[in-house]
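What follows is the residue order along each chain.
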Amino acid sequence: MDRRDFLRTLGVAAAVAGTGLNGAPLSGKSKKPAPAAEDGLHLRFLGTGAADWHGPDARGEHRRFSSVLLDGRILIDFTASNIDMLPQGCKPECVFYTHSHGDHYNPKALVDVGVPLAYLNVSWIARARNNFSEVSLQTGLPAPKLVPLNIADKTVCGDITITALPANHAVNLTEQTMIYLIEKGPVRLLYATDTGGIPALAARLIGIDSHDSHAQPINGLIMEATMGMGDKGDEDFRLFTHSSVDTVRHTVNMLLKHKRYLPQEGQPVYLTHFARTLQPTQKELEATLPAPLVAAYDGLEITFKA
Ligand SMILES: [Zn+2]
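Quantities reported herein were computed from a predicted structural model and do not represent experimental measurements. (Residues numbered from 1 in each chain as written. Predicted model: local features only at pLDDT ≥ 70, side-chain atom pairs only at ≥ 80, totals over all residues. Heavy atoms only, no water.)

> Would you take a moment to explain the coordination of the zinc ion for this structure?
Tetrahedral coordination by four donors puts the ideal angle at the metal at 109.5 degrees, and octahedral coordination by six puts it at 90 or 180 degrees. Protein-derived coordination of the zinc ion comes from His-99 (NE2), His-101 (ND1), His-169 (NE2) and Asp-194 (OD), at a distance range of 2.1 to 2.5 Å. Around the zinc ion, the four donor atoms sit at angles spanning 90 to 172°, and that spread fits a shape best called irregular. All donors of the zinc ion come from a single chain, and their spacing in sequence reads H-x1-H-x67-H-x24-D. Of this pair, His-101 sits in the loop between strand S6 (94-96) and helix H3 (107-113) while His-169 sits in the loop between strand S10 (160-166) and strand S11 (178-184), and the two are 68 residues apart along the sequence. With a relative accessible area of 27%, His-101 lands in the partly exposed category. (Donors = N, O, S within 2.8 Å, 3.2 Å for Na, K, Ca; no water. Tetrahedral: all angles 85-135°; square planar, octahedral: opposite > 155°, others 65-115°. Helix = DSSP H or I, 4+ residues; strand = E, 2+ residues; numbered from the N terminus. Buried < 20%, exposed > 50% of the residue type's maximum accessible area, 1.4 Å probe, protein only.)

> Please explain the pairing of strand S13 (residues 220-224) as it appears in this structure.
Note on strand geometry: in a regular strand, side chains alternate between the two faces of the sheet. Most of S13 sits inside the fold, with five of its five residues counted as buried. Covered by surrounding structure in S13 are Gly-220, Ile-222 and Glu-224 together with Leu-221 and Met-223, the residues of both alternating faces. Across four bridges, the pairing between strand S12 (residues 187-192) and S13 is parallel. From the neighbouring strand, Tyr-191 faces S13, where its bridge partner is Ile-222. The parallel pair S12 and S13, bridged by helix H5 (residues 200-206), forms a crossover whose chirality is right-handed. (Pairing = 2+ DSSP bridges. Right-handed = clockwise from strand over helix to strand, strands pointing away.)

> When you look at the sheet that holds S12 in this model, what are you seeing that I'm missing?
Sheets are built from strands paired through backbone hydrogen bonds, the pairs being either parallel or antiparallel. The strand order across the open sheet formed by seven strands is S9-S10-S11-S12-S13-S14-S15, and the pairing between neighbours is mixed. The open sheet has two edge strands with one neighbour each: strand S9 (154-157) and strand S15 (293-295). Taking the axes of each pair of neighbouring strands and ignoring which way they run, one obtains an average angle of 20° across the sheet. Pairing of S13 with strand S14 (residues 269-272) involves three bridges; the strand directions are parallel. Bridging from a neighbouring strand, Glu-224 pairs with Thr-272 of S14. (Axes fitted to C-alpha atoms, helices over the stretch in contact; angles between N-to-C directions.)

> Mind showing me how you'd approach the pattern of salt bridges here?
Opposite charge on two side chains lets them pair, provided their charged atoms get close. The tally for this structure, following the rule as stated, stands at 16 salt bridges. For Asp-39, the salt bridge goes to Lys-305, with nearest N and O atoms at 3.1 Å. Placement of the pair is Asp-39 in the loop between strand S1 (30-33) and strand S2 (41-47) and Lys-305 in the segment after strand S16 (301-304), with a sequence separation of 266 residues. Salt bridges linked by common partners bring Asp-71, Arg-73, Glu-93, Asp-159 and Lys-184 together as one network. (Salt bridge = Lys/Arg side-chain N within 4 Å of Asp/Glu carboxyl O.)

> Before we go on, may I ask you to explain the sheet that holds strand S7 (residues 117-121) in this structure?
A sheet is described by the order of its strands in space; here seven strands give the open sequence S8-S7-S6-S4-S3-S2-S16, paired in mixed fashion. Two strands in the sheet have a free side with no partner beyond their single neighbour: strand S8 (145-149) and S16. The average undirected angle you get between the axes of adjacent strands in this sheet is 25°. Bridge count for S2 against S16 is four bridges, and the pairing is antiparallel. Paired with His-42 across the two strands is Thr-303, which belongs to S16. In this fold helix H4 (residues 125-139) packs onto S7 and S8, with an angle of close to 165° to the strand it touches most, S8. (Contact = heavy atoms within 4.5 Å.)

> Is there a simple way to explain helix H7 (residues 245-257) in this structure?
The α-helix winds at 3.6 residues per turn, so residues separated by three or four positions along the chain end up facing the same way. For H7, which comprises 13 residues, the first-to-last C-alpha distance of 18 Å matches the rise-based estimate of 18 Å (1.5 Å per residue) to within 8%. Residues of H7 that are buried include every one of Val-245, Asp-246, Val-248, Thr-251, Val-252 and Leu-255, and no others. Where the residues of H7 are buried, they touch S13, helix H6 (230-234), S14 and S15. Looking at the residues trailing H7, positive phi occurs at Lys-259, about 60°. (Expected span 1.5 Å × (residues − 1).)

> Help me understand the nonpolar core, please; the structure alone is not making it clear to me.
Generally speaking, a soluble globular protein has its nonpolar side chains buried in company with each other. Ranked by size, the top nonpolar core spans 29 residues in total, and within it Leu-43, Phe-45, Leu-70, Phe-96 and Phe-304 carry the most contacts. Excluding its chain neighbours within four sequence positions, the residues that come into contact with Phe-304 are Gly-40, Leu-41, Leu-43, Val-187, Leu-189, Gly-220, Ile-222, Gln-267 and Tyr-270. Core analysis: the second largest hydrophobic core is formed by 26 residues, Leu-165, Leu-181, Ile-208 and Leu-285 among them. (Core = buried A, V, L, I, M, F, W, Y, C linked by side-chain atoms within 4.5 Å.)

> What's the story with the environment of Ser-100 in this structure? I'm lost.
By the element assignment, Ser-100 lies in the loop between S6 and H3. A sequence separation of 71 residues divides Ser-100 from Val-171, and the C-alpha atoms of the two residues are 7.2 Å apart. Leaving out residues up to four positions away in the same chain, Ser-100 has contacts with Tyr-105, Trp-124, Arg-127, Val-171 and Glu-175. Polar side-chain contacts of Ser-100 include one of 3.0 Å to the side chain of Arg-127. (Polar contact = N/O pair within 3.5 Å; in protein donor to acceptor, adjacent residues only side chain to side chain.)

> Help me understand the confidence of the model for the protein, please; the structure alone is not making it clear to me.
Parts of the model with low pLDDT should not have their predicted coordinates read in detail. Overall, the predicted model of the protein reaches an average pLDDT of 89, with 88% of residues at or above 70. A low-confidence stretch, residues 1-29 stays under pLDDT 50, and its non-local contacts, those more than four residues away or across chains, total 61 contacts. (pLDDT = per-residue confidence, 0-100.)

> Help me understand H4, please; the structure alone is not making it clear to me.
Along its 15 residues, H4 runs 21 Å from first to last C-alpha, staying within 8% of the 21 Å computed at 1.5 Å per residue. What H4 keeps buried is the set Ile-125, Ala-128, Phe-132, Val-135 and Ser-136. Seen along its axis, H4 keeps its buried residues to an arc of 100°; they face one direction. Of the residues in H4, the exposed ones pointing more than 90 degrees away from the buried face are Ala-126, Asn-130, Leu-137 and Gln-138. Tucked into the core, H4 has its buried residues touching H3, S7 and S8. Two residues or fewer past H4, Gly-140 is found with a positive phi of approximately 75°. (Arc of directions from axis to C-beta.)

See below:
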């Protein structure tokens, strides 16, 4: 058994010892510099857990709150739990928030890291302004510029374009939660957490709903599987706002059948936002998830190509 296989058998318990499944350090700053990724879209998972993770658990498993870093410069969601997962010397230029739940949005963490720009849905921008002003007063550090997004807005960040899409998720009665389409050259990656399935309007907006004759297939998919596998997952009370492994499996199989998801050969669909209390260990997930679903883990890095 080589070192990689040995680490794989340890599951994310390896993270506690400071080594990731891919050999990358999972605790403390990554020693690797932020990648340039001219070729394809580079993505690093800074966290893959849901709100019920608070450090390593009794099984030795550890997931930080869900967050990703695109091409070493753009964040989607960010909390204090993700700070140690930023590559050394990385100064993200902006963050796109999906919603304001505490496992996705933490104003102090963003101010501490010095991210100057934050995009979020217009429905909660007044509240966010107050939150950031308070943190800025307390810390003496500048608040980021906040930019309101409406559904279907496209934001161009250099060679990456990010489209705001509705999520099926609720924080309160007024906040519009969001998922994002990330486009770079021919790459079209849908990042879908937190959401119970893919909402019809989101599918229409990006061209993956077969009611629409004008197909615009995606070629990358990262989707939440908060609720686990089997009946336990599908009959959990979080059904209205989260997805199970089977929700993702059915979604992917349907999209493949209708050619609205055309990944590069062998490229998996990555699952994220695992609830500690509803999911088995990383090792068990790796042994049991049906292809092409793969469990992401903190520190996993992927380059999406098309
Ligand atoms: Zn949430």
